[in-house]
Amino acid sequence: MTEPAIVLGPNQYGKAEVRVVKVTRDTARHEIEDLGVTSQLRGDFAAAHLAGDNAHVVPTDTQKNTIFAFARDGVGSPEAFLLRLAEHFTGSFEWVTGGRWEAEQFAWQRIPVDGAEHDHAFVRTGQEVRTAVVVADGDERHVISGLRELTVLKTTQSGFEGYPKDRYTTLAETSDRILATDVAARWRYGRADVDYNAVYASVRALLLEAFAARYSAALQATLFDMGRAVLEAHPEIAEIRFSMPNKHHFVVDLTPFGLDNPNEVFFAADRPYGLIEATVAREGVASPAVAWEGIAGFC
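Rules used in this analysis
Residues numbered from 1 in each chain as written. Predicted model: local features only at pLDDT ≥ 70, side-chain atom pairs only at ≥ 80, totals over all residues. Heavy atoms only, no water. Pairing = 2+ DSSP bridges. Helix = DSSP H or I, 4+ residues; strand = E, 2+ residues; numbered from the N terminus. Axes fitted to C-alpha atoms, helices over the stretch in contact; angles between N-to-C directions. Buried < 20%, exposed > 50% of the residue type's maximum accessible area, 1.4 Å probe, protein only. Expected span 1.5 Å × (residues − 1). Arc of directions from axis to C-beta. Contact = heavy atoms within 4.5 Å. Parallel < 35°, antiparallel > 145°, perpendicular 65-115°, else oblique. Left-handed = near helix turned anticlockwise from the far one by under 90°. Nonpolar A, V, L, I, M, F, W, Y, C, P; charged D, E, K, R; others polar. Polar contact = N/O pair within 3.5 Å; in protein donor to acceptor, adjacent residues only side chain to side chain.

## Overview of the sheet that holds strand 6 (residues 129-137)
Reading across from one edge, 1-2-3-6-7-8-9-12 is the order of the 8 strands in this open sheet, with antiparallel pairing throughout. At either margin of the open sheet sits one strand with a lone partner, and together these are strand 1 (13-24) and strand 12 (274-281). Between one strand axis and the next, the sheet turns by 15° as a mean value, whatever way the strands run. As paired elements, strand 2 (residues 31-43) and strand 3 (residues 96-106) share 10 bridges and run antiparallel to each other. Its bridge partner being in strand 3, Thr38 is matched across the sheet by Glu102.

## Re the pairing of strand 8 (residues 179-189)
Among the 11 residues of strand 8, 10 are classified as buried, and the element is accordingly described as predominantly covered. Relative to strand 8, strand 7 (residues 140-154) runs antiparallel, the two being bridged by 9 bridges. For Thr151, the partnering residue across the bridge sits in strand 8 and is Asp182. Both strand 8 and strand 9 (residues 237-246) contribute to a ladder of 6 bridges, which runs antiparallel. By the bridge assignment for strand 9, Arg188 is matched with Glu239.

## Focus: helix 2 (residues 60-71)
One full turn of an α-helix is made of 3.6 residues, so residues set three or four places apart face in the same direction. Under the 1.5 Å per step criterion, the end-to-end length of helix 2 is 17 Å for 12 residues, consistent within 8% with the ideal 16 Å. For helix 2, the complete set of buried residues consists of Gln63, Thr66, Ile67, Phe70 and Ala71. The buried residues of helix 2 occupy one face: seen down the axis, they fall within an arc of 135°. Check the buried side of helix 2 and you find it contacts strand 1, strand 2 and helix 3 (78-92).

## Re the packing of helix 2 against helix 3
For the pair helix 2 and helix 3, the least separation of the axes is 11 Å and the interaxial angle reads 130°. Between helix 2 and helix 3, the angle falls in the class oblique. The crossing of helix 2 and helix 3 is right-handed. Taking contact as the criterion, the partners of Gln63, Thr66, Ile67, Phe70 and Ala71 in helix 2 are, on helix 3, Phe81, Arg84, Leu85, His88 and Phe89. Classifying every residue of the contact of helix 2 with helix 3 by side-chain character gives 6 nonpolar, 3 polar and 1 charged.

## Some thoughts on the side chain of Glu102
Within the secondary structure, Glu102 sits in strand 3. A polar atom in the side chain of Glu102 sits 3.5 Å from the side chain of Arg186. Discounting residues that sit within four places of it in the chain, Glu102 has contacts with Gly36, Val37, Thr38, Leu82, Ala132, Val133 and Arg186.

Shown next, in the form of structure tokens:
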């Protein structure tokens, strides 16, 4: 029996996690944009792998320098910045047929001094990290925005009841518990004519409002409420994916100390934890696999 030939499969390469900080100094009131950018090219790189021929290998250092050079003209939004990089690399090198560009944006707030925001002093915000991915596949462009580490908690209006039980079940039903999670979400746009900064701000607000607004029968139900709110408000978004750990808070038994505990003292457990992941999508709208390739985990 003849053994099958060994061949080169799908591949990509580039420069990962280029940290670029852009300060705009057009006036005395400075603006700051802080991103970590990854560039990965796809195309005809077979000779580099099979023959050590680097004629088609755009150096990763060149990709890094391009990111810095493009930042000179400003970022605007991470999505728009990545789209510019995609057009540059696919348009400048004929053998680059596509690629994947990813960004994380870190937010800064102005430091208040004497009751007013300072013009050029900032403090890093401790909330979520904004994310963006652009995938170029021939002439197609797929834009996926997102966020991670958006930590939310509600102290009541959450429960967990009616689940199946067997001899290994020890969890007690409750109609009043703490619900907490770290929201990671990515949403894919169905079209490109989008004000990405405005939509990001709106989606973030919708996620928070939907988390807070209704009684939660389970984190799954709350996740769907959050996704539905986003899709109902934004027809330009085709689907949204979530990965949300259940950050468990357990009521501490204070009876050994002669004390009651009316849902006021909790032990916050960091692991193990429930992990809830799902996609909320528009019925009949296809989800292109190429858009999601290379994204670690569920989203």
